[in-house]
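Coordinate inspection notes
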Amino acid sequence: MIDMTKSFGGLIGPDWRVDWLKTPGNALRESAVEPQPGQIDTMAAPSDPLYSEQWHFGLIGDIETIWNEYDGTSVHVGVYDSAIEYDHPDFGTDLYDSSLHFVDSTGKIYDPSPTGTGTEAHGTSVAGLLLSRADNELGGSGVAPGVTFTGVNFVGDIAANESEETIIDALKWAQNFDIMSNSWGQFAEYLPEQSLSSPDTEMSRWTAAYEEISEFGRDGLGTVIAVSYTHLRAHET
């Protein structure tokens, strides 16, 4: 079992603006649980042993009050990352949707399960930050308990091993999800293929794929694309 406390991805941070997420038509759905008369409009802190160490919730706001009104129910997230241990005990088995595993043009299905080679903890950590179950006496709590998710091993498999056509198809696959999570980035190498001056460059083709996702995903409302802060080269000052 992957220890999610050892590696935290960049999914959660100040770019997740709660006011925007609570706007009608955006990502979070309102919880069906309504506060009762006389009830304090703040839920109790989860019993998960690592909850007190999850400092990132303070960057979002009063998360316990938010949880009293909103949860992840009926929201489907595509976690584009490395391999994901989607049967992790802090996830449960009812929140993962394998029916939306990426399928390429030849019919090959890409299962994001870890293979046991290399460093594969990052994708599981990101998924844990998103949806780990609350009040189960295990690990911490995800920011949106109840969310449904599907893993896409984009960084460790597809982008590393497949053709550019398959990579673009994998990006466009995000139209199947309400939210596309990308806790990864590219170095700013200032190379010709990273230029947007021509529609034929790699970056232009990727940008066109993102535009298609934003326009046609989520049944025409546009898939929400969440990205981490762009990584900088170590030698840049």
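Description of the structure in this document. Not measured: the values here are computed from a predicted model. (Residues numbered from 1 in each chain as written. Predicted model: local features only at pLDDT ≥ 70, side-chain atom pairs only at ≥ 80, totals over all residues. Heavy atoms only, no water.)

Examining the pattern of salt bridges
Side chains bearing opposite charge may pair, as long as their charged atoms lie close to each other. What the rule picks out here adds up to four salt bridges. Two residues, Lys108 and Glu162, come together in a salt bridge whose shortest N-O distance is 3.4 Å. In this pair, Lys108 is assigned in the loop between β3 (76–81) and α4 (121–131) and Glu162 in the loop between α5 (154–161) and α6 (164–172), connecting sequence segments 54 residues apart. What makes Lys108 partly exposed here is its relative accessible area of 40%. A residue is classified by how much of its surface remains accessible, and Glu162, at 24% relative accessible area, is partly exposed. One salt bridge in this structure joins Arg205 and Glu164, with 2.4 Å as the shortest N-O distance. Highlighted residues: Arg205 in helix α7 (residues 202–216) and Glu164 in helix α6, separated in sequence by 41 residues. (Salt bridge = Lys/Arg side-chain N within 4 Å of Asp/Glu carboxyl O. Helix = DSSP H or I, 4+ residues; strand = E, 2+ residues; numbered from the N terminus. Buried < 20%, exposed > 50% of the residue type's maximum accessible area, 1.4 Å probe, protein only.)

Notes on the nonpolar core
Judged by nonpolar contacts, the single largest core of 23 residues is most densely connected at Phe57, Val77, Val79, Leu130, Val143, Val147 and Phe149. Every element with two or more residues in this core is listed here: α2 (57–60), α3 (63–69), β3 and α4. Residue contributions to this core peak at four residues, all from α4. Once residues lying within four places of it in the same chain are set aside, the contact partners of Val147 are Gly72, Thr73, Val75, Val77, Leu95, Leu130 and Leu131. Ranked by size, the runner-up nonpolar core spans 19 residues in total, among them Tyr80, Phe154, Ile158 and Phe177. (Core = buried A, V, L, I, M, F, W, Y, C linked by side-chain atoms within 4.5 Å. Contact = heavy atoms within 4.5 Å.)

Observations regarding α7
Compared with an ideal rise of 1.5 Å per residue, which puts 15 residues at 21 Å, α7 spans 21 Å between its outermost C-alpha atoms and is within 8% of the ideal. For α7, the set of buried residues is Met203, Ser204, Trp206, Ala209 and Ile213. Those residues of α7 that are buried lie in contact with α5, α6, β5 (179–182) and β6 (224–227). Once α7 ends, the next one or two residues include Arg218, with phi positive near 55°. (Expected span 1.5 Å × (residues − 1).)

What to know about the packing of α5 against α6
Axis separation between α5 and α6 bottoms out at 7 Å; the angle between their running directions is 140°. Taken together, the axes of α5 and α6 are oblique relative to one another. Between α5 and α6, the residues in contact are Phe154, Ile158 and Ala159 and Thr166, Ile167, Ala170 and Leu171, respectively. Its residues assigned to classes, the contact of α5 with α6 comprises six nonpolar, one polar and no charged. (Axes fitted to C-alpha atoms, helices over the stretch in contact; angles between N-to-C directions. Parallel < 35°, antiparallel > 145°, perpendicular 65-115°, else oblique. Nonpolar A, V, L, I, M, F, W, Y, C, P; charged D, E, K, R; others polar.)

Description of the pairing of β5
Along any regular strand the residues' side chains alternate between the sheet's two faces. Residues Ile179 and Ser181 point to one face of β5 and Met180 and Asn182 to the other, with burial holding for every one of them. Relative to β5, β3 runs parallel, the two sharing four bridges. Paired with Gly78 across the strands is Met180, a residue of β5. (Pairing = 2+ DSSP bridges.)

Here's the deal with the pairing of β3
The element β3 is largely enclosed, with a buried count of six among its six residues. Burial of the side chains of β3 extends over both faces: His76, Gly78 and Tyr80 are buried on one face and Val77, Val79 and Asp81 on the other. Inspection of the sheet shows β3 paired to strand β4 (residues 148–153) by six bridges, in the parallel sense. Directly across from His76, in β4, lies its bridge partner Thr148.

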